[in-house]
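Each chain is listed here by its residues.
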Amino acid sequence: QVQVVESGGGLVQPGGSLRLSCSVSGFTVSLYGMSWYRQAPGKERDLVAGITKRDGNVIYGDSVKGRFNISRILNNTLNLQMNNLKPEDTAVYLCKARLIVHGREYPHWGQGTQVTVSS
């Protein structure tokens, strides 16, 4: 059983910062990478940032480059530092754990944490 739990969301003013955390427990020996996605009401789920555990290869969504920073995966925990937040960053942020078992990828999602950017 794999569990993915996010924390750190909340309400912040435009230009402010927030730090999200995601922890994975369970069958973590097969953890290959972790990613943050976000989904606003009526919109598709978009990639925010992702990283692989062993190599630390990072990818960012275009809308967050230069403002968000993803950490290395340590103790099966991933952090996302979000700076210079904008109202359009408002969304539910979801963490995805990517597990590889016998060459096949199995994604596991958390429940999400709400981020609201508003004055």
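Residues numbered from 1 in each chain as written. Predicted model: local features only at pLDDT ≥ 70, side-chain atom pairs only at ≥ 80, totals over all residues. Heavy atoms only, no water.

Draft legend 1. A look at the state of the cysteines. One pass over the full model with this rule turns up 1 disulfide. With a sulfur-sulfur separation of 2.0 Å, cysteine 22 is cross-linked through a disulfide to cysteine 95. With the S-S dihedral at roughly -85°, the linkage between cysteine 22 and cysteine 95 falls on the left-handed side. One end of the pair, cysteine 22, is in strand S3 (residues 18–25); the other, cysteine 95, is in strand S9 (residues 91–101), with 73 residues separating them in the sequence. Note on cysteine 95: relative accessible area 0%, which makes it buried. (Disulfide = S-S within 2.5 Å. Helix = DSSP H or I, 4+ residues; strand = E, 2+ residues; numbered from the N terminus. Buried < 20%, exposed > 50% of the residue type's maximum accessible area, 1.4 Å probe, protein only.)

Draft legend 2. Region of interest: the side chain of threonine 52. One can find threonine 52 in strand S5 (residues 46–52). Excluding residues within four positions of it along the chain, threonine 52 makes contact with Tyr32, Gly33, Asn57 and Ile73. (Contact = heavy atoms within 4.5 Å.)

Draft legend 3. A look at the pattern of salt bridges. Enumeration according to the criterion identifies 5 salt bridges in this entry. Among the ionic pairs, arginine 38 bridges to aspartate 89, the shortest N-O distance being 2.8 Å. Here arginine 38 is found in strand S4 (residues 31–39), whereas its partner aspartate 89 is found in the loop between strand S8 (77–82) and S9, with 51 residues between them in sequence. The two residues arginine 38 and aspartate 89 agree in class, both being buried. For aspartate 55, the salt bridge is made with arginine 54, and the minimal N-O distance between the two is 3.6 Å. Several salt bridges share partner residues, and in doing so they unite Arg38, Arg67 and Asp89 into one network. (Salt bridge = Lys/Arg side-chain N within 4 Å of Asp/Glu carboxyl O.)

Draft legend 4. Examining the packing of aromatic side chains more closely. For the coordinates displayed, the defined rule picks out 1 aromatic pair. For the cation-ring pair, arginine 45 lies above tryptophan 109, with the distance from its terminal atom to the ring centre recorded as 4.5 Å. (Phe/Tyr/Trp six-rings, centres within 6.5 Å; stacked < 30°, edge-to-face > 60°. Lys NZ or Arg CZ within 6 Å of the ring centre and 35° of its normal.)

Draft legend 5. Representation of the sheet that holds S8 within the structure. Pairing in this open sheet of 4 strands is antiparallel, and the strands run S1-S3-S8-S7 from one edge to the other. Here the strands that pair on one side only, and so sit at the sheet edges, are strand S1 (3–7) and strand S7 (68–70). With direction set aside, neighbouring strand axes in the sheet form an average angle of 15°. (Pairing = 2+ DSSP bridges. Axes fitted to C-alpha atoms, helices over the stretch in contact; angles between N-to-C directions.)

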